[in-house]
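Tertiary structure, described
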Amino acid sequence: MEIETIELPGDVPGNSIELRVLRFEGADSDAVSAYLQSSLHGSELPGQAALHFLIPMLEKAETEGRVVGRITVVPQANPIGSAQWQAHQHLGRFDYFSGVNFNRSFPLLDTFDTSALPDIDAPKSLAERLKAQLLRLALPHEIVLDLHCDDESENYLYIHQAFLPEMYDLASALGSTAILSWDSTADAAFEEACAHPALQLPEGERKARAVTTVEFRGLNDVNFATGKADAEGLYRFLVHRGVLKDDTIRLNVDFAGPVTPLENVEMIRAPQGGMILFHVDIGTEVRAGDRLVTVVTNPGDPGGDITLTAPQAGRVLTRRGHRYTRRGDDLMKLLGNKRSETARPGSLEA
């Protein structure tokens, strides 16, 4: 394993960040290669835990001559966000200066040529230069896995429709319970920026690729058991795709979970601010009209309670991690079987 430290100068003198990049060269330069990164949102750590346990597995495979394709790993993809703390709370989702989500506004390239992207020391903001550098690292690879998590959530994936059903193997390897499929957004997340040039390829070449956002459950699901299990899932996938060789691994590529278009996802939003009381847990199958969540607007006065019900039958995929909400906040994701009446273009949330 080779370790490279890429230093990006800050926006004012005396400040900089370091991007730690781990590289495994692989024995076959023509084999499928893989890029894995985590914590693009600085406080999202389940993916970082998975890579922490995956890297020793890759080192062992390298020692035994079983790394076939190139692998690039960036365990901490956003040092800016990792350093964002306010009043003892770890943030890491939005650039303080611009207010832009760190997983939005990536450049969309029609080809895999990254020569036009801003250089490390270009007259651009640090956040813009970081995004450019991450694309430089990722785009040379056929497999790109961006590891995230939700607030309180099942394990699920975002996958462009053009990569389905071939990417059911990843869902199977990771034990994902659902796939959210998309065909276009207006937000240019990292996944979309990596998928965009691949979508210009002939179908055969495109189908051999894998680009996705992995949502490894919730923010607090950071522990030995889930980290090791997620690492093993990533390892199984890399073996199945031929990046690694391991004759002991066999993967059943069947996926029985829902594959839900983004427009079928019901975002349950708070009509007023107040305390959140959930009626259902993540993973619950509900019917139309079932109670989902109550917002308590006047503690001690039940007359102020607002109970939200399921607009259609479906599966509760995520819940908000906090228990006090503002008017208009997203409270839950419900996977429906038909288009939501409140469907909106682009990504579901910030």
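Throughout what follows, the structure given in this document is the object of discussion. (Residues numbered from 1 in each chain as written. Predicted model: local features only at pLDDT ≥ 70, side-chain atom pairs only at ≥ 80, totals over all residues. Heavy atoms only, no water.)

**Structural notes on the pattern of salt bridges**
Applying the stated rule across the entire model yields 20 salt bridges. Across the pair Arg129 and Asp11 runs a salt bridge, and its minimum N-O distance is 3.2 Å. Residue Arg129 is located in helix 3 (residues 126-138), and its partner Asp11 is located in the loop between strand 1 (2-9) and strand 2 (16-24); the two are separated by 118 residues in the primary sequence. The class of Asp11 is exposed, set by a relative accessible area of 52%. Among the salt bridges present, the one from Asp230 reaches Arg217, with a minimum N-O distance of 2.4 Å. Here the residue Asp230 occupies a position in helix 7 (residues 224-240), and Arg217 occupies one in strand 11 (residues 210-218), the gap between them amounting to 13 residues. Residue class for Arg217 comes out buried when judged on its relative accessible area of 16%. (Salt bridge = Lys/Arg side-chain N within 4 Å of Asp/Glu carboxyl O. Helix = DSSP H or I, 4+ residues; strand = E, 2+ residues; numbered from the N terminus. Buried < 20%, exposed > 50% of the residue type's maximum accessible area, 1.4 Å probe, protein only.)

**Brief notes about the environment of Thr212**
Along the polypeptide, Thr212 turns up in strand 11. When its relative accessible area of 0% is taken as the criterion, Thr212 is described as buried. Each C-alpha atom of the pair Thr212 and Gly10 lies 29 Å from the other, and the pair is 202 residues apart in sequence. Setting aside anything within four residues of it in sequence, one finds Thr212 in contact with Val144, Leu145, Asp146, Leu157, Tyr158, Ile159, Met167, Leu170 and Glu191. (Contact = heavy atoms within 4.5 Å.)

**Details of the packing of helix 3 against helix 5 (residues 190-198)**
Running from amino to carboxyl end, helix 3 crosses helix 5 at an angle of 45°, the nearest separation of the two axes being 11 Å. As the angle between them shows, helix 3 and helix 5 are arranged oblique. The way helix 3 lies across helix 5 gives a crossing that is right-handed. For the pair helix 3 and helix 5, the contacting residues are Leu134, Leu135 and Ala138 in the first and Phe190, Ala193 and Cys194 in the second. In the contact of helix 3 with helix 5, the residues fall into 6 nonpolar, no polar and no charged. (Axes fitted to C-alpha atoms, helices over the stretch in contact; angles between N-to-C directions. Parallel < 35°, antiparallel > 145°, perpendicular 65-115°, else oblique. Left-handed = near helix turned anticlockwise from the far one by under 90°. Nonpolar A, V, L, I, M, F, W, Y, C, P; charged D, E, K, R; others polar.)

**Observations concerning the packing of aromatic side chains**
One pass over the full model with this rule turns up 5 aromatic pairs. For the ring pair Phe106 and Phe190, a centre distance of 5.4 Å and an interplane angle of 70° mean the geometry is edge-to-face. Of the two residues, Phe106 is situated in the loop between strand 6 (89-90) and helix 3 and Phe190 in helix 5; the sequence distance between them amounts to 84 residues. Accessibility classification places Phe106 together with Phe190 in one group, the buried group. Ring centres 5.7 Å apart and planes at 45° place the aromatic pair Tyr168 and Phe255 in the tilted group. Taken together, the residues Tyr168 in helix 4 (residues 168-174) and Phe255 in the loop between helix 7 and strand 12 (259-261) connect sequence positions 87 residues apart. Put simply, the rings of Tyr35, Phe106 and Phe190 pair up and form one aromatic cluster. Between the NZ or CZ atom of Lys131 and the centre of the ring of Phe106, over which it lies, the distance is 5.5 Å. (Phe/Tyr/Trp six-rings, centres within 6.5 Å; stacked < 30°, edge-to-face > 60°. Lys NZ or Arg CZ within 6 Å of the ring centre and 35° of its normal.)

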